[in-house]
Amino acid sequence: MLIGTIFLIIIYLFLKYILSWIVYINKLDPRLGDSTWRWSYDYPVIGNRDISDLDDKKFVRLRRKRNRLITIMYLISLILFVCFMSWLSKFMILILN
C-alpha cells in the first residue's frame, strides 16, 4: 500500500511536469491557444484549411511537439487512473478486513 501511494505521487508529479511543458509550448506562439486538452490536426481535413509544413515550418513543428506531449499526457492520465483504481481496491480490502 505504501509503495502504491509513492507510485501514485510520482505519476502525479510526472503529469504536472508534462502539463507545465504543454503550457510553456502554448505560450511560445499565440496561434496554439490556451487549451491543454485540444489536439490539433496535422493532416488535410475536408472544408478546413490547415497550416502545412511548407507554410510555417516553425509553427507546425511546435504544434507537433505539443501534440506529442498531449498524447503522453493522455497516456499518463490513463496509467494514473488504473493505478488509482488498484490502490483504491487495496485500500477498501484493508478497511473491510
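J.: Could you clarify how one ought to interpret helix H1 (residues 2-28) in this entry?
T.: Count 3.6 residues to each turn of an α-helix, and residues three or four apart come out pointing the same way. Its 27 residues give H1 an end-to-end C-alpha distance of 40 Å, which sits within 8% of 39 Å, the value for a rise of 1.5 Å per residue. Taken together, the buried positions of H1 are Leu 8, Ile 11, Leu 15, Ile 18, Ile 22, Ile 25 and Asn 26.

J.: Would you mind showing me how to read the packing of aromatic side chains here?
T.: Given two aromatic rings, their pairing is described by the distance between the two centres and the angle made by the two planes. Within the structure shown, the criterion is met by five aromatic pairs. Ring geometry for Phe 14 versus Tyr 17: centroids 6.5 Å apart, planes at 20°, classification stacked. Linking Phe 14 with Tyr 17, this pair stays in helix H1, spanning three residues, or about one helical turn. Where Phe 84 meets Trp 87, the ring centres are 5.9 Å apart and the plane angle is 25°; that geometry is what we call stacked. Separated by three residues within a single helix, Phe 84 and Trp 87 lie in helix H2 (residues 57-96), roughly one turn from each other. Assessed through its relative accessible area of 36%, Phe 84 is described here as partly exposed. Of the aromatic side chains, those joined through ring pairs into one cluster are Phe 14, Tyr 17, Trp 21 and Tyr 24.

J.: Would you take a moment to explain a nonpolar patch on the surface for this structure?
T.: A contiguous nonpolar patch, built from Met 1, Phe 91, Met 92, Leu 94, Ile 95 and Leu 96 and spanning about 600 Å² of accessible area, is present on the exposed surface. In this fold, Leu 94 is placed in helix H2.

J.: Explain the nonpolar core to me, please; I cannot follow it from the model alone.
T.: For soluble globular proteins, the rule of thumb is that nonpolar side chains tend to be buried together. Judged by nonpolar contacts, the single largest core of 15 residues is most densely connected at Ile 18, Ile 22 and Met 73. Those elements that place two or more of their residues in this core are H1 and H2. Looking at this core, the element that brings in the most residues is H2, giving eight residues. Setting aside anything within four residues of it in sequence, one finds Ile 22 in contact with Thr 36, Arg 66, Leu 69, Ile 70 and Met 73.

J.: Looking at this model, I keep getting lost on the side chain of Asn 26. Mind explaining?
T.: Locating Asn 26 in the fold gives a position in helix H1. Note on Asn 26: relative accessible area 5%, which makes it buried. Beyond its immediate stretch of four places on either side in the chain, Asn 26 contacts Leu 32, Gly 33, Asp 34, Ser 35 and Arg 66.

Definitions and limits used
Residues numbered from 1 in each chain as written. Predicted model: local features only at pLDDT ≥ 70, side-chain atom pairs only at ≥ 80, totals over all residues. Heavy atoms only, no water. Helix = DSSP H or I, 4+ residues; strand = E, 2+ residues; numbered from the N terminus. Expected span 1.5 Å × (residues − 1). Buried < 20%, exposed > 50% of the residue type's maximum accessible area, 1.4 Å probe, protein only. Phe/Tyr/Trp six-rings, centres within 6.5 Å; stacked < 30°, edge-to-face > 60°. Patch = residues over 30% accessible without salt bridge, like charges linked within 9 Å, V, L, I, M, F, W, Y side chains within 5 Å. Areas by Shrake-Rupley, 256 points an atom, 1.4 Å probe, with all protein chains shown as cover. Salt bridge = Lys/Arg side-chain N within 4 Å of Asp/Glu carboxyl O. Core = buried A, V, L, I, M, F, W, Y, C linked by side-chain atoms within 4.5 Å. Contact = heavy atoms within 4.5 Å.

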